[in-house]
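Here is how the chains run, residue by residue.
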Amino acid sequence: MGPFMSPFNNLLCMLLGISFTVWFTLLLVFIIVPAIFGLSFGIRSLYMKMLLKVFKWATVRMERGAKEKNHLLYKPYSLNGIIAKEPTSLEEELKEIRRNGSSQDLDGSASLTTGPSPSSSEFEMSDTFYFCRRGIESIVDDEVTKRFTAEELDSWNLLTRSNYNFNHISTRLTVLWGLGVVIRYGFLLPLRLTLAITGVSLLVVFTTMIGFLPNGRVKNFLSEKVHLMCYRICVRALTAIITYHHSENKPKNGGICVANHTSPIDIIILASDGCYAMVGQIHGGLMGLIQKSMVKACPHIWFERSEVKDRHLVAKRLSDHVKDKSKLPILIFPEGTCINNTSVMMFKKGSFEIGSTVYPVAIKYDPRFGDAFWNSSKFGMVNYLLRMMSSWAIVCSVWYLPPMSRQEGEDAVQFANRVKAAIARQGGLVDLLCVNTNVEANEK
Amino acid sequence: MGSTNSTLLKIPNVEVLMQETGFSPAHIIRLHDRFKALDKEGRGHLCPHDFGAIKELAMNPIGDRIIGAFFSPGKETVDFHTFVKILAHFRPVDKDRPKEPNSPEPINSRSNKLKFAFQLYDQDKDGKISRDELLQVLRAMLGMQVTDEQLESIADRTIQEADLDRDDTISFEEFRKSLEKINIDHKMSIRFLR
């Protein structure tokens, strides 16, 4: 058996060795080197166009097949509302009622109303009916829960997650889907995992190394380069195709960058285009290791578990950081519904009370390629990352909005709402005021 | 209709529910989906916390009262049947329903709608809206923009107009009378699609 096996073994080892080398060289040339320099070969955009063509074909086939067999294509829940709602908003009605209420007593005459309120007197017993109805309407069908279930797609992107009723419609389609699975799990996933591991380890190693340098311009310069490089590698690890708009409004030192939050990937997406100081709670394990090494290279704001409850401490550290113009802009996600973490709720008002310039950023994901939404009650973090890495791609747009500051006579909550409205308008997202009541769902 | 029938079978006593509330099978299924979506932890019943998660409801000045209407006194949870029965109050009135003398009044009758609205005011459930209870609602609706004195005078005016037996409270009958001219069906109904 000896002489029989060994040349075969040798051949096998040689083949493995060669394929690994080829693999890594390709990886290096096409992905890591461009990441270091921030260039792009345009491979990803080509990939995107190709995918779109395939998806269109797949959808057409499915619809044709469904018509033939009279199948129900999409899960009926969130495409249409259960009820027909009125176009006026709750806010407008409330303002009407309040205007009616105060004006009657102030000048004694009937108030001039152009709105839909039915009577000219200040308050009617039936006014509650309107709010009662709106309340019940929101219980039956509200924008938020609709938003929080993954968006149903009109075109199918060959992922069974997006289409629950994928039945055997045609052999060709099933074959294509099978091929898709093979490509995604067999080729793309390992590739992305390798990249992710490379990116993270490089980050940890380099930032620790930079930590030994004395504070100064060289350190800042190097730390910036290292952070950008590693985040770019991570972006490629997810095959994220990002379009940045209005880069002239990018956050500057001494400011706070505020963005809407859809998934944990948001951080990677923003940080690959600019350097930010991150805020958060120190975790254990791998996350903690990454956090500790990052803070060696440039000042991020990490809180211990115990410090998080102290609002004043949090506010003080944030404002100290902001006052120092040499430090990087802070990155904050005021919504925090995605993260089950009380410290994030603290930042909701805190970040707007500090009184520095706020740079709003809107992030919108294109659901056609892979759904980036993280339903934290359904999936854990690892599961989520695996799903992300086995999607086709993550396509999103980032808009940098012009900076805003708190105006005279505006309190923190109003300012926060103004910023949120600007972000929502830009991203075409549904604008919901984030009311800081103590019945938030994420207080667990 | 294959998949829809199986959902219906999972709900216990769904025939009775449909008869009592007047919802169609399609509505029941939609409401069941909604119930499941609200019941994030999958326990099969809802608690006030789950309602509180609805942001539009949190913004509503009488949001907590509406939530309270779902929970009968002493109960901490609401199951699917109760959920649907409460929502049935907001079905538009069936105009062609024959008036059988022995059948119980439908949940979405004008009178029952008024009773639902009445309980939003009458938090201590003593059958009367006291001046205090009225003030509380006024405060919630008119908020911080109106002074306390203005609130008091509005409350006085409202009670004066509605209180017929001069006992300084508004009973259900007085409530009903003061809202005679209001189109309750229009204001307290939700148009369920399909």
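The rules behind each value
- Residues numbered from 1 in each chain as written.
- Chains lettered and ligands numbered in written order.
- Predicted model: local features only at pLDDT ≥ 70, side-chain atom pairs only at ≥ 80, totals over all residues.
- Heavy atoms only, no water.
- Helix = DSSP H or I, 4+ residues; strand = E, 2+ residues; numbered from the N terminus.
- Buried < 20%, exposed > 50% of the residue type's maximum accessible area, 1.4 Å probe, protein only.
- Contact = heavy atoms within 4.5 Å.
- Areas by Shrake-Rupley, 256 points an atom, 1.4 Å probe, with all protein chains shown as cover.
- Lys, Arg positive; Asp, Glu negative; His and termini not counted.
- Salt bridge = Lys/Arg side-chain N within 4 Å of Asp/Glu carboxyl O.
- Polar contact = N/O pair within 3.5 Å; in protein donor to acceptor, adjacent residues only side chain to side chain.
- UniProt positions renumbered as here; feature names shortened; annotations may be inferred.
- Pairing = 2+ DSSP bridges.
- Axes fitted to C-alpha atoms, helices over the stretch in contact; angles between N-to-C directions.
- pLDDT = per-residue confidence, 0-100.
- Core = buried A, V, L, I, M, F, W, Y, C linked by side-chain atoms within 4.5 Å.
- Phe/Tyr/Trp six-rings, centres within 6.5 Å; stacked < 30°, edge-to-face > 60°.
- Lys NZ or Arg CZ within 6 Å of the ring centre and 35° of its normal.
- Expected span 1.5 Å × (residues − 1).
- Arc of directions from axis to C-beta.
- Parallel < 35°, antiparallel > 145°, perpendicular 65-115°, else oblique.
- Left-handed = near helix turned anticlockwise from the far one by under 90°.
- Nonpolar A, V, L, I, M, F, W, Y, C, P; charged D, E, K, R; others polar.

**A short note on the overall build of chain B**
Now for step 1: In terms of helices and strands, chain B carries 12 helices and 3 strands.
Now for step 2: Looking at chain B residue by residue over its 194 residues, the buried ones come to 48%.
Now for step 3: Pairs at least 24 apart in sequence give 56% of the contacts found in chain B among residues at least 6 apart.
Now for step 4: Of the accessible surface of chain B, which amounts to about 10300 Å², a share of 52% is contributed by carbon and sulfur atoms.

**Comments concerning the side chain of Asp163(B)**
Residues and elements named next belong to chain B.
Now for step 1: Among the structural elements, Asp 163 can be located in the loop between helix H10 (148–162) and strand E2 (170–171).
Now for step 2: Of the buried charged residues, Asp 163 lacks a salt bridge, with Arg 166 as the closest side chain of opposite charge at 4.9 Å.
Now for step 3: In terms of polar contacts, Asp 163 uses its side chain to reach the backbone amide nitrogen of Asp 167, at 3.2 Å.
Now for step 4: With near-sequence residues (within four places) excluded, Asp 163 lies in contact with Asp 168, Thr 169 and Glu 174.

**Side note on the UniProt feature "transmembrane region" (unreviewed entry) in chain A**
Now for step 1: Mapped onto the present numbering, the UniProt feature "transmembrane region" (unreviewed entry) falls on residues 20–43, 169–187 and 193–213 of chain A.
Now for step 2: Counting secondary structure, residues 193–213 of chain A comes out at 90% helix and 0% strand; the distance between its end C-alpha atoms is 31 Å.

**Quick notes on the pattern of salt bridges**
Residues and elements named next belong to chain B.
Now for step 1: Counted according to the given criterion, the structure contains 11 salt bridges over all chains.
Now for step 2: Between Lys 85 and Glu 20 there is a salt bridge, with the nearest N and O atoms lying 3.5 Å from each other. Linking Lys 85 in helix H7 (residues 80–88) with Glu 20 in helix H2 (residues 14–21), this pair joins segments that are 65 residues apart in sequence.
Now for step 3: Between Arg 176 and Glu 173 there is a salt bridge whose closest N-O contact spans 3.6 Å.

**Some points on the UniProt feature "domain: EF-hand" (unreviewed entry) in chain B**
Now for step 1: Within this numbering scheme, the UniProt entry marks residues 109–144 and 150–185 of chain B as carrying the feature "domain: EF-hand" (unreviewed entry).
Now for step 2: Between the C-alpha atoms that bound residues 150–185 of chain B the distance is 31 Å, and the span itself is 61% helix and 6% strand.

**A closer look at the sheet that holds strand E6 (residues 330–332) of chain A**
Residues and elements named next belong to chain A.
Now for step 1: Spatially, 7 strands are ordered E2-E8-E7-E3-E6-E4-E5 in an open sheet, and the strand pairing comes out mixed. Of all strands in the sheet, those bounded by a partner on one side alone are strand E2 (240–245) and strand E5 (301–303). Between one strand axis and the next, the sheet turns by 25° as a mean value, whatever way the strands run.
Now for step 2: In terms of strand pairing, strand E4 (residues 277–281) meets E6 through 2 bridges, oriented parallel. Looking across to E6, one finds that Met 278 is bridged to Leu 331.
Now for step 3: Packed onto the sheet, helix H10 (residues 311–323) meets strand E3 (256–259), E4, E5 and E6 and runs at close to 170° relative to E5.

**Some thoughts on the confidence of the model for chain B**
Residue and element names in this part refer to chain B.
Now for step 1: Here chain B averages 83 in pLDDT, while 91% of its residues score no lower than 70.
Now for step 2: Considering each helix and strand of chain B separately, the mean pLDDT is smallest for helix H1 (residues 2–10), with a value of 64, and largest for H7, with 91.
Now for step 3: On the interface metric, ipTM, the complex scores 0.89, and its pTM is 0.52.

**Remarks on the pairing of E4(A)**
All names here are of chain A.
Now for step 1: In terms of residue burial, E4 counts as a mostly covered element, since 5 of its 5 residues are buried.
Now for step 2: Burial along E4 is two-sided: Ala 277, Val 279 and Gln 281 facing one way and Met 278 and Gly 280 facing the other are all buried.
Now for step 3: The sheet contact formed by E4 and E5 spans 3 bridges and is parallel. Residue pairing for E5: Gln 281 is matched across the bridge by Phe 303.

**Observations regarding the confidence of the model for chain A**
Residues and elements named next belong to chain A.
Now for step 1: When pLDDT is averaged along chain A, the result is 70; 66% of the residues meet or exceed 70.
Now for step 2: For residues 71–80, every residue scores under 50 in pLDDT, and the model assigns this stretch 28 contacts once sequence neighbours within four places are set aside.
Now for step 3: Low pLDDT, under 50, characterises residues 336–347; the predicted model gives this stretch 34 contacts beyond four residues in sequence or across chains.

**Side note on the nonpolar core**
Now for step 1: Ile28(B), Phe51(B), Phe70(B), Phe83(B) and Phe175(B) are the most contacted members of the largest nonpolar core, which totals 67 residues.
Now for step 2: Sorting elements by how many residues they give to this core places helix H4 (residues 127–140) of chain A first, with 7 residues.
Now for step 3: Counting 45 residues, the second-largest nonpolar core is a separate cluster that includes Leu189(A), Ala240(A), Phe333(A) and Met389(A).

**Some words on the packing of aromatic side chains**
Now for step 1: Taken as a whole and assessed by the stated rule, the structure comprises 12 aromatic pairs over all chains.
Now for step 2: Relative to Tyr400(A), the ring of Tyr244(A) lies with its centre 6.2 Å away and its plane at 15°, an arrangement referred to as stacked. Taken as a pair, Tyr244(A) in strand E2 and Tyr400(A) in strand E8 (residues 394–400) lie far apart in primary sequence, 156 residues in all.
Now for step 3: Arranged with centres 5.9 Å apart and planes meeting at 35°, the rings of Phe70(B) and Phe83(B) form a pair that is tilted. Pair noted here: Phe70(B) is in helix H6 (residues 63–70) and Phe83(B) is in helix H7, with a separation of 13 residues, a long-range link.
Now for step 4: Aromatic rings pair up to connect Phe35(B), Phe51(B), Phe70(B), Phe71(B), Phe80(B) and Phe83(B) into one cluster.
Now for step 5: Here the basic side chain of Arg91(B) rests over the ring of Phe23(B), its NZ or CZ set 5.9 Å away from the ring centre.

**Details of H10(A)**
All names here are of chain A.
Now for step 1: For H10, which comprises 13 residues, the first-to-last C-alpha distance of 18 Å matches the rise-based estimate of 18 Å (1.5 Å per residue) to within 8%.
Now for step 2: Buried within H10 are the following residues: Val 314, Leu 318, Ser 319, His 321 and Val 322. Summarising the axial view, the buried residues of H10 lie within an arc of 160°, below the 170-degree limit, and thus occupy one face. The exposed residues of H10 that point more than 90 degrees off its buried face are His 312 and Lys 323.

**Topic: H2(B)**
Residue and element names in this part refer to chain B.
Now for step 1: Where H2 is concerned, the buried positions are Val 14, Leu 17, Met 18 and Thr 21. Seen from one end, H2 has its buried residues packed into an arc of 95°, which puts them on one side. Across from the buried face of H2, at angles greater than 90 degrees, the exposed residues are Glu 15 and Gln 19.
Now for step 2: Looking one or two places after H2, you find Gly 22, whose phi comes out positive at around 85°.

**Section: the packing of H2(B) against H7(B)**
Residue and element names in this part refer to chain B.
Now for step 1: Between H2 and H7, the least distance of the axes is 10 Å, while the angle of their chain directions is 15°. Looking at the two axes, H2 sits roughly parallel to H7. Of the two elements, H2 crosses H7, and the hand of that crossing is right-handed. Contacts between H2 and H7 involve Leu 17, Glu 20 and Thr 21 on the former and, on the latter, Phe 80, His 81, Val 84, Lys 85 and Ala 88.
Now for step 2: Partitioning the contact of H2 with H7 into residue classes produces 4 nonpolar, 2 polar and 2 charged.

**A closer look at the packing of H4(A) against helix H3 (residues 25–38) of chain B**
Now for step 1: Running from amino to carboxyl end, H4(A) crosses H3(B) at an angle of 85°, the nearest separation of the two axes being 9 Å. For the element pair H4(A) / H3(B), the angle class is roughly perpendicular. Across the interface between the two elements, Ser138(A), Ile139(A) and Val140(A) from H4(A) touch Leu31(B), Arg34(B) and Leu38(B) from H3(B).
Now for step 2: Residues of the contact of H4(A) with H3(B), tallied by class, amount to 4 nonpolar, 1 polar and 1 charged.

**Some words on the pairing of E8(A)**
Residues and elements named next belong to chain A.
Now for step 1: The element E8 is largely enclosed, with a buried count of 7 among its 7 residues.
Now for step 2: With burial as the criterion, each face of E8 is covered, one bearing Ile 394, Cys 396, Val 398 and Tyr 400 and the other bearing Val 395, Ser 397 and Trp 399.
Now for step 3: Relative to E8, E2 runs parallel, the two sharing 6 bridges. Residue Ala 240 lies in a different strand from E8, and its bridge partner there is Ile 394.
Now for step 4: As judged from the 6 bridges shared by strand E7 (residues 358–366) and E8, these two strands associate in the antiparallel manner. Looking at E8, one finds that Tyr 365 is bridged to Cys 396.

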